Amino acid sequence: MTNYILRFLDTSDIKSYIDKDGYEGLRRTIKMSPKEVIQEIKSSGLRGRGGAGFPTGIKWESLSNEKPAYIVCNADEGEPGTFKDRLLLESAPHLVIEGLIIAGYANQAEKGYIYIRGEYPEETKIIQKAIDEAKKYKLLGKNILDSSFSFDIEVKRGGGSYVVGDETALVNSIMGKRGNPWHKPPYPTQQGLWSKPTIVNNVETLSCVSLIMQEGWEWFSKIGSFDSPGPKLYCVSGNVKKPGVYEFPMGVPLRDVINTAEVDGVLKAVQIGGTAGPIYSTKSLTLTSTTDFWSLGTPGIVYGAKPLDFNLDFASMKKIGGSLGSGAIVVMNNDAIMVDVLEVTLRFFAEESCGKCFPCRYGTRQLYHMAKNIATGQGKEEYMDIMQKTAVSMAKASLCPLGQSVIMPLKGIFENFKGEILSFIRHQKYIKRVEI
Amino acid sequence: MEEKRENIILAFHKAQEESKNNYIPIEKVKEIAKKHGISLSEASGLLSFYTMFSTEKRGKYVIRVCDSLSCRLMHSIDILLYLQNKLNIEEGETTRDGLFTIERVNCLGRCFSAPNMMINDKIYGNLTPEKIDKIIEQHIKEAEND
C-alpha cells in the first residue's frame, strides 16, 4: 500500500492542508509558464482516473486556443461500487481544488466548475466551504498569490443521473440541460460549455495533478507501472471483511488488493471497474473464451501465483478484455446468487439509460424484462441466447459507453455461470453449488 | 427577473427543499421555467430526466434505499422488504400520513458501509432491522415536534 494521496485525508480545514505542504504545487505552478506546466503533467505520464484512462497532459495540450476556455472537475461519481471521489471531496477538498486551480492556470481557463452529484449534499457543502477558505487565503479569485492570474470556481449540483458522468453529458448538465451525451467529435476540448473549449477531469486525476506539481513529474512517473504511473485509489466492496478505499501503486496485482480487504467466505467472482465491467469467476480452471475472461482458480484455492495475479492498470486490464474503469472492485463470495447479480446489473442499465438512442433505450428495457422474469421464476432457456444477441447489437449500435458496455457484465455472468443460471431457469430455484 | 439557464437545476433543488412534501408543484415548475427562459415542456423534460425530482407529492421524508450490486450482496433487498412491510407501502408509494416515501436507487457512493439508505439529505449505513426501527422512530418524533 502507498500513502501519497490518502496522506491528505482529514485536511478539510485549509490550515491542516497547508501544514502538509498543500498549495505548494500551486506556488510552484505560477512561477512556471502554462506550457511548462502542461509539459510537466505530460512527462509524469498521468492518465485520467475517471475510467477511460486518457493521458491528462495530452488532453490539456489538445485544448483549442479559442477563449474563453473552461475547466470542469467531474465529481459526478455515480459508478456503483465507486466511492473514492466522495472520500476526497469530503476529506481532502483542498487537494482537489488545488489541482483544479493548477489546471485552470495551465490551460489559461477563465473559470472552473466542480460538478457534484445530487446524492452528495454534504460533500457539496464541504467543497463550497473549502472554496471560500481558499479565496480568503488569496489562493483563488483575483490575482492569485499576487500574480496576474485570476481564476474562480463555481460548484454545480446534479439532480440524480448516472449518464451525466460521461463528459459530454456533464457539459450539457452544467448548462442546465438534460444530461444527454453527444457523439464525439466534437470533443469538449474543441466545443464544450457554451461551445467553448472545455476540459473535463476527474476528482482523483486533479488530486494527482496537485501531487505532481508538489513533488515533480520524475517522482510521480517512478510510482506504479511504466504504462500507467502514479498511485491509484481502489474501492473494494461486497463480501469482504474490510471494505474501503485502498491506495496502491498502479498495476498492483488484484490478489494483493483483495487480500488486504479480506474476502468474507469463499471467493466466487469479482467485478472490476464498475457495473459495466466484466465479471471474473473463480469457478473454472480453463479460460472460458479467448481473452475475455480470466479464470481465477477453483473457489477458495488460489492456484499458484498466477490466477489472481493480473495487474490492475489500464494496459493490463485491456489485455484481458476488461477495463480498470474507476477502480471499483466488487467481491462476491459463494453466497452470491448470480441470477440476482444479473437482475441488479440490468435494472441499473434500464433505469440509467438516458433514452436518447434507440438501441440502448429499448435494449436495456428488454434485457431487464428478461432478467426479471428469470429472477422471478418465469425465465425461459432461450432467454440466454436472446439476451446475448441483444447486448451484442447494443454494443455495436449504441451512442455512448452505457449501451455499448452492457455486454461486458452479461457475457461474464453467462459464460462463467451458465450452469447456475440455467438450473435456476429450469428449476426456478437457486441450487447452491456443492463442493466436492 | 431573468435567471441564467445554467442555474435551473439548482432552482429545482431549492423549490423541492422548500416544499414540505419533497416535490415541485406544477405552478412552481411553470414559474421556474419562465424565469429561466425555457418552455414548460422543456422544464418537464429536465425534471423527468433527473431522478431526484418529483412533480408529485411525496412524503416529508424520502427514503432512498440503495440497491447497487455492493449493497445487494449485503442484502439490500431484505432492507427494502423490511421497510416496505414496516411502513406498509410499496416502492414508490407514500404512507397515508404523508411522512414517508420509499424509493430504490442505484448507488449512494457509500459501498463500504453497505447496505445503505438516505433519508432526505442524510445517509444511514450498515443497516439492520433494529437500526431501521430506531431511525424511523426518530423521524416520526421529529415530525411530531415540527
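Above this text is the structure in question.
Model, not experiment: these values are computed from the prediction.

Caption draft 1: Spotlight on the pattern of salt bridges. Evaluated as defined, the whole model comprises 41 salt bridges over all chains. For A:Lys125, the salt bridge identified is with A:Glu122, shortest N-O distance 3.5 Å. Taken together, the residues A:Lys125 and A:Glu122, both in helix α7 (residues 121-136) and three residues apart, mark about one turn of the helix. Taking relative accessible area as the criterion, A:Glu122 reaches 39% and is therefore assigned partly exposed. Residue B:Lys86 is joined to B:Asp133 by a salt bridge in which the shortest nitrogen-to-oxygen separation is 3.0 Å. Here B:Lys86 is found in helix α5 (residues 76-87), whereas its partner B:Asp133 is found in helix α6 (residues 129-145), with 47 residues between them in sequence. Looking at B:Lys86, the relative accessible area reads 36%, which means it is partly exposed. Salt bridges sharing common partners tie together A:Asp340, A:Glu343, A:Arg347, A:Glu351, B:Asp67, B:Arg72, B:Glu91 and B:Arg104.

Caption draft 2: Molecular detail of the nonpolar core. Counting 72 residues, the largest nonpolar core has A:Met332, A:Met338, A:Leu342, A:Leu346, A:Met387, A:Ile421 and B:Phe12 as the members making the most contacts within it. Among the elements that take part in this core, helix α13 (residues 338-352) of chain A stands out by supplying nine residues, more than any other. The contacts of A:Leu346, once residues within four sequence positions are left out, are A:Thr364, A:Leu367, A:Tyr368, A:Ala371, A:Met387, A:Val406 and A:Leu410. One finds A:Leu6, A:Ile97, A:Ala103 and A:Val155 within the second-largest nonpolar core, a separate group that totals 62 residues.

Caption draft 3: Inspection of the interface of chain B and chain A at higher detail. Every contact between the two is made by 32 residues of chain B and, on the other side, 54 residues of chain A. When chain B packs against chain A, close to 3400 Å² is buried across both sides, 52% of that on carbon and sulfur atoms. At the surface where chain B touches chain A, the tally comes to seven salt bridges. The salt bridge partner of B:Glu6 is A:Lys156, with a shortest N-O separation of 2.9 Å. On inspection of chain B and its partner chain A, the count reaches 22 residue pairs in polar contact (both at pLDDT 80 or more). Looking at the side of chain B that touches chain A residue by residue, the classes come out as 15 nonpolar, nine polar and eight charged.

Caption draft 4: Representation of the sheet that holds strand β2 (residues 111-116) of chain A in the model. All names here are of chain A. One open sheet holds the four strands; their spatial order is β3-β2-β1-β4, and the pairing between them is parallel. With partners counted over all chains shown, the strands left at the sheet margins are β3 (152-157) and β4 (198-202), one partner each. On average, adjacent strands in this sheet sit at an angle of 20 degrees to one another, irrespective of strand direction. Judged from the six bridges that link them, strand β1 (residues 70-75) and β2 form a sheet pairing that is parallel. By the bridge assignment for β2, Val72 is matched with Tyr113.

Reading guide: rules and limits
- Residues numbered from 1 in each chain as written.
- Chains lettered and ligands numbered in written order.
- Predicted model: local features only at pLDDT ≥ 70, side-chain atom pairs only at ≥ 80, totals over all residues.
- Heavy atoms only, no water.
- Salt bridge = Lys/Arg side-chain N within 4 Å of Asp/Glu carboxyl O.
- Helix = DSSP H or I, 4+ residues; strand = E, 2+ residues; numbered from the N terminus.
- Buried < 20%, exposed > 50% of the residue type's maximum accessible area, 1.4 Å probe, protein only.
- Core = buried A, V, L, I, M, F, W, Y, C linked by side-chain atoms within 4.5 Å.
- Contact = heavy atoms within 4.5 Å.
- Buried area = accessible area lost by both parts, 1.4 Å probe.
- Polar contact = N/O pair within 3.5 Å; in protein donor to acceptor, adjacent residues only side chain to side chain.
- Nonpolar A, V, L, I, M, F, W, Y, C, P; charged D, E, K, R; others polar.
- Pairing = 2+ DSSP bridges.
- Axes fitted to C-alpha atoms, helices over the stretch in contact; angles between N-to-C directions.

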